[in-house]
Amino acid sequence: MSDQQYEEIEFEPRKNKYSKSKKKKTEKKRTFFQELVSTILYIIVLTGIFYLIQMFLYAPVSVEGESMAPTLEDGDKLLLNKFSDYDRFDIIVFPAPDDPDKQYIKRVIGLPGDKIRYSDETLYINDNEVDEPFLDGGADLSSSEDAIGGTINEFSLESLQGVETVPKDQYFVMGDNRNNSRDSRYFGFVSRDTITGKTTYRFFPFNHFGSID
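Residues numbered from 1 in each chain as written. Predicted model: local features only at pLDDT ≥ 70, side-chain atom pairs only at ≥ 80, totals over all residues. Heavy atoms only, no water.

## A look at unusual backbone geometry
Point 1. Omega for the peptide link from alanine 69 to proline 70 comes to 5 degrees, which places this bond in the cis form.
Point 2. In this structure, proline 70 sits in the loop between β1 (58-62) and β2 (77-81).
Point 3. Look at the link from phenylalanine 204 to proline 205: it is a cis peptide, with omega at 0 degrees.
Point 4. You will see that aspartate 127, though not glycine, has its phi angle at about 70 degrees, which is positive.
Point 5. The exposure class assigned to aspartate 127 is partly exposed, which follows from its relative accessible area of 46%.
Point 6. Positive phi values are uncommon outside glycine, yet aspartate 169 reaches one of about 60 degrees. (Helix = DSSP H or I, 4+ residues; strand = E, 2+ residues; numbered from the N terminus. Buried < 20%, exposed > 50% of the residue type's maximum accessible area, 1.4 Å probe, protein only.)

Structure follows, in structure tokens:
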């Protein structure tokens, strides 16, 4: 006799074969329904996450007017960071103290405890001369008349607000276009609690896409 071995092959009954085929079709229908529900839930979750991000972390904002020129121009689209600390020269957004229906975008100049004055077209913070490269020559305070009525060629906190330093949890802000900006020189300090957020990124127009100095 030969020692040749044969592999055993099991034949599946036709009944079972067709039964499985029907079962697969049923499973396919169930899978399609499950994926449809899953997709809907996925969209709902993404929408919720996007809403929460926009509400608490980041949101798009638009620049209106020329008070931050030449840094920002009318129509620029920015990304606002709502979860951040604020430092000197940050660009922040807050409800306009003199018009609650508006949002102002200005640059932080004075932090709590700072002593601020402007003299001979030069900014002094705590009696130290401070360079402002972001002005790019576009914020000379020496003009005879500004676009918002009146001029403030030289000032100190005492002359404007009757205090020597910026109060606790308050900020002194100004627009980069100093001759055409309604800011802390006019409406006073901005409370930290009212600040919506700060922006460091511009996404439109595309030729100015990127970080903001």
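After presenting the structure, the write-up continues.
## What to know about the UniProt feature "active site" (unreviewed entry) in the protein chain
Point 1. Under the UniProt annotation, "active site" (unreviewed entry) lies at Ser67 and Lys106. These residues run over 40 residues, yet every pair of their C-alpha atoms falls within 7.9 Å of each other. Checking the annotated residues one by one, the ones that line the largest pocket turn out to be Ser67 and Lys106.
Point 2. The topology assignment puts serine 67 in the loop between β1 and β2.
Point 3. In this structure serine 67 comes out as buried when scored by relative accessible area, which is 13%.
Point 4. Those residues in contact with serine 67 that lie beyond four places of it in its chain are Ile105, Lys106, Gly175, Asp176, Asn177, Asn180 and Ser181.
Point 5. Among the polar contacts listed, one links the side chain of serine 67 to the side chain of lysine 106, at a separation of 3.1 Å.
Point 6. Looking at the element boundaries, lysine 106 is found in strand β4 (residues 99-110).
Point 7. Relative accessible area serves as the criterion here: at 3%, lysine 106 is assigned to the buried category.
Point 8. Those residues in contact with lysine 106, other than ones at most four positions away along the chain, are Ser67, Met68, Asp90, Ile91, Ile92, Phe94, Val173, Met174, Gly175, Ser181, Arg182 and Asp183. (UniProt positions renumbered as here; feature names shortened; annotations may be inferred. 1 Å grid on protein atoms, 1.4 Å probe; cavity = no way out; pocket = protein on both sides within 12 Å on 5 of 7 lines; lining within 4 Å. Contact = heavy atoms within 4.5 Å. Polar contact = N/O pair within 3.5 Å; in protein donor to acceptor, adjacent residues only side chain to side chain.)

## Brief notes about the sheet that holds strand β8 (residues 155-156)
Point 1. Taken in spatial order, the 4 strands make up an open sheet running β7-β6-β5-β8, and their pairing is antiparallel. The outermost strands of the open sheet, each flanked by one partner alone, are β7 (128-130) and β8.
Point 2. As paired elements, strand β5 (residues 116-119) and β8 share 2 bridges and run antiparallel to each other. Opposite tyrosine 118, over in β8, you have phenylalanine 155 as the bridge partner. (Pairing = 2+ DSSP bridges.)

## Concerning a nonpolar patch on the surface
Point 1. The grouping of Phe32, Phe33, Leu36, Val37, Ile40, Leu41 and Ile44 at the surface amounts to a nonpolar patch, some 710 Å² of accessible area in total.
Point 2. Counting through the fold element by element, valine 37 comes out in helix α1 (residues 14-57).
Point 3. The exposure class assigned to valine 37 is partly exposed, which follows from its relative accessible area of 34%. (Patch = residues over 30% accessible without salt bridge, like charges linked within 9 Å, V, L, I, M, F, W, Y side chains within 5 Å. Areas by Shrake-Rupley, 256 points an atom, 1.4 Å probe, with all protein chains shown as cover. Salt bridge = Lys/Arg side-chain N within 4 Å of Asp/Glu carboxyl O.)

## Description of the pairing of β1
Point 1. On β1, burial follows the alternation: Ala59 and Val61 on one face are buried, whereas Tyr58, Pro60 and Ser62 on the facing-out side are not.
Point 2. Bridge count for β1 against β2 is 5 bridges, and the pairing is antiparallel. Within β2, the position partnered with tyrosine 58 by the bridge is asparagine 81.

## Focus: the confidence of the model for the protein chain
Point 1. For the protein chain, the average pLDDT comes to 80, and 74% of its residues sit at 70 or higher.
Point 2. When pLDDT is averaged over each element of the protein chain, strand β9 (residues 170-174) comes out on top at 97 and α1 at the bottom at 63.
Point 3. In this model residues 139-151 is a low-confidence stretch, pLDDT under 50, and it forms 31 contacts with partners more than four residues away in sequence or in other chains. (pLDDT = per-residue confidence, 0-100.)

## What to know about the pattern of salt bridges
Point 1. One pass over the full model with this rule turns up 10 salt bridges.
Point 2. Put simply, aspartate 85 and arginine 192 hold a salt bridge, and the shortest N to O gap is 3.4 Å. Linking aspartate 85 in the loop between β2 and β3 (91-96) with arginine 192 in the loop between β10 (190-191) and β11 (197-204), this pair joins segments that are 107 residues apart in sequence.
Point 3. Aspartate 127 is paired through a salt bridge with arginine 117; the nearest N and O atoms lie 3.9 Å apart. Residue aspartate 127 is located in the loop between β6 (122-125) and β7, and its partner arginine 117 is located in strand β5; the two are separated by 10 residues in the primary sequence.
Point 4. The structure contains a network of salt bridges with shared partners spanning Lys115, Arg117 and Asp127.

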